[in-house]
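# Secondary and tertiary structure notes
One letter stands for each residue in the lines below.
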Amino acid sequence: MDLPAARQLVPAGLQESPVLADESGQRWLDDLPAQLVDRCRRWSLLPDDRVPVRHGAHALVVPVTRWGRDCVLKVSHRGLEPAGEVLALRTWDGQGAVQLLEADEGGDVLLLERLDAAATLGHCPPGQVGPVAGRLIRRLSVPAPAGLTTARAQAGAIAATIARPVRHGDPLPVRWVRTAGELAEELRHDDAPEVLVHADLTTANVLRRIAGEWVAIDPQPLAGPPERSVPELLLTAVDACAGDACTGDAGLHRLLADVVAAGGLDAERARAWVVVRAVDYWTWAVGAGLTLDPQRCRRLLAAFA
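Residues numbered from 1 in each chain as written. Predicted model: local features only at pLDDT ≥ 70, side-chain atom pairs only at ≥ 80, totals over all residues. Heavy atoms only, no water.

## Points about the overall build of the chain
- The number of helices and strands found in the chain is 11 helices and 11 strands.
- Taking 305 residues into account, the globule formula puts the C-alpha radius of gyration at 19 Å, and the chain, at 20 Å, falls close to it.
- By its C-alpha atoms, the chain is 60 × 45 × 40 Å across when sized along the principal axes.
- Within the chain, residue pairs in contact and separated by at least 24 positions form 70% of the contacts whose partners lie at least 6 positions apart.
- For the chain, the computed accessible surface area is about 14300 Å², with 52% contributed by carbon and sulfur atoms.
- Distance between charge centres in the chain, computed from 32 positive and 39 negative side chains, equals 2 Å. (Helix = DSSP H or I, 4+ residues; strand = E, 2+ residues; numbered from the N terminus. Rg over C-alpha atoms; globule rule 2.2 N^0.38 Å. Contact = heavy atoms within 4.5 Å. Areas by Shrake-Rupley, 256 points an atom, 1.4 Å probe, with all protein chains shown as cover. Lys, Arg positive; Asp, Glu negative; His and termini not counted. Charge placed at Lys NZ, Arg CZ, Asp CG, Glu CD.)

## Thoughts on the packing of aromatic side chains
- Tallied over the entire structure, the rule returns two aromatic pairs.
- With a centroid separation of 5.6 Å and 20° between ring planes, the pair formed by Tyr 281 and Trp 284 is classed as stacked. Taken together, the residues Tyr 281 and Trp 284, both in helix 10 (residues 267–287) and three residues apart, mark about one turn of the helix.
- Its relative accessible area of 17% is what places Tyr 281 among the buried residues.
- The ring of Trp 43 is capped by Arg 39, whose NZ or CZ atom sits 4.7 Å from the centre of that ring.
- If you follow Arg 228 out to its NZ or CZ, it ends over the ring of Trp 273, 5.2 Å from the centre. (Phe/Tyr/Trp six-rings, centres within 6.5 Å; stacked < 30°, edge-to-face > 60°. Buried < 20%, exposed > 50% of the residue type's maximum accessible area, 1.4 Å probe, protein only. Lys NZ or Arg CZ within 6 Å of the ring centre and 35° of its normal.)

## Observations concerning helix 3 (residues 23–42)
- Between its terminal C-alpha atoms helix 3 stretches 28 Å, which fits the 28 Å expected from 20 residues at 1.5 Å a residue.
- The sharpest bend along helix 3 comes to roughly 40°, located at Leu 32, with the proline Pro 33 sitting one to four residues further on.
- Within helix 3, burial applies to Gly 25, Trp 28, Leu 29, Leu 32, Pro 33, Leu 36, Arg 39 and Cys 40.
- For helix 3, the elements touching its buried residues are helix 1 (3–8), helix 2 (12–15), strand 3 (59–66), strand 4 (69–76) and strand 6 (109–113).
- Positive backbone phi, approximately 60°, marks Ser 44, located one or two places after helix 3. (Expected span 1.5 Å × (residues − 1). Bend = angle between axes of the 7 residues up to and from the residue.)

## Side note on the packing of helix 7 (residues 174–188) against helix 10
- One way to put it is that helix 7 packs onto helix 10 with a least axis distance of 9 Å and a crossing angle of 125°. The pairing of helix 7 with helix 10 is recorded here as oblique in orientation. As for the relative orientation of helix 7 and helix 10, their crossing is left-handed in sense. Contacts between helix 7 and helix 10 involve Trp 176, Thr 179, Ala 180, Leu 183, Ala 184 and Leu 187 from the former and Arg 269, Arg 271, Ala 272, Trp 273, Val 275, Val 276, Val 279 and Trp 282 from the latter. (Axes fitted to C-alpha atoms, helices over the stretch in contact; angles between N-to-C directions. Parallel < 35°, antiparallel > 145°, perpendicular 65-115°, else oblique. Left-handed = near helix turned anticlockwise from the far one by under 90°.)

## Some remarks on the environment of His 123
- Structurally, His 123 is set in the loop between strand 7 (116–120) and helix 5 (126–140).
- Here His 123 falls in the exposed class, since its relative accessible area comes to 59%.
- A sequence separation of 178 residues divides His 123 from Leu 301, and the C-alpha atoms of the two residues are 24 Å apart.
- Engagement of the side chain of His 123 in a polar contact is seen with the side chain of Thr 120, the distance being 2.9 Å. (Polar contact = N/O pair within 3.5 Å; in protein donor to acceptor, adjacent residues only side chain to side chain.)

## Quick notes on the environment of Asp 266
- For Asp 266, the location among the structural elements is in the loop between helix 9 (248–263) and helix 10.
- Judged by relative accessible area, which is 33%, Asp 266 ranks as partly exposed.
- When the C-alpha atoms of Asp 266 and Pro 225 are compared, they prove to be 9.4 Å apart, with 41 residues separating the residues in sequence.
- Side-chain polar atoms of Asp 266 contact the backbone nitrogen of Arg 269, separated by 2.7 Å.

## Let's talk about the sheet that holds strand 10 (residues 214–216)
- Overall, antiparallel pairing links the three strands, which are arranged 7-9-10 in an open sheet. Because the sheet does not close on itself, it has two edges, and the strands there are strand 7 and strand 10. If you compare each strand with its neighbour and ignore which way they point, the axes differ by 55° on average.
- Sheet topology note: the strand 7/strand 9 (residues 206–208) ladder contains two bridges and is antiparallel. Note that in strand 9 the partner of Asp 116 across the bridge is Arg 208.
- Against the sheet, helix 5 engages strand 9 and strand 10, with an angle of about 55° to strand 10. (Pairing = 2+ DSSP bridges.)

Encoded structure:
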């Protein structure tokens, strides 16, 4: 692949990403085609134009082949990709998570097995989401490698943030803020055994292998209890729970019960993390100018707080 061909692989949506609007992001975008050319040469990769290129807010995923095997090349903006992703993927070694094939020293260029990007857990009926997610959470619960941030530390940081005085006009009801603060303090002192946790297990981050097995991608790893994986899953399943098959609070309670049962989880610890993260994320989302996610957080808090 030459440089002009590589430039064609960088979609306009990534170039216009607001998180790449600063000087660092623009330099990364300018260097991205050369990175693609260099990595394809070093890792013996051929771009595969049978499958579309995909991207997030700060990462590009290019379908490639190597020695006849279908893979993807993921290139992320250094500093914006969650720390520990390579460590987590190496620890799981393809068991419940996407298989890592190669990684550069900084961890911002990865060669991964190719999954069916069109088959995410978010496309499943609500009644299937909980059992699949619960079993996956349990499978990912292996001994945590050294060096990861802990869920207890995260709970402590959230508790400190929540502890600030609630100002008149804050979007969060005071009763929910107080409840989340109390639960965060409890979680800060939680003595549950720590395992490797995928702390961004959204329905979009669970994909099928070509052979049909569900696996996780894009981990934000922590060392903590497996229940820490539950909040992001519920947040991204809120909209589906408004449909005919899974209505209102009852649907969210049923979804949580399914996850807990399939994963052998502690129901009260899972609920506590849902409430704490919903308040934490709501605060961030409002500050970031988001509109839909605060509404989803409100749904979770109305159901579980």
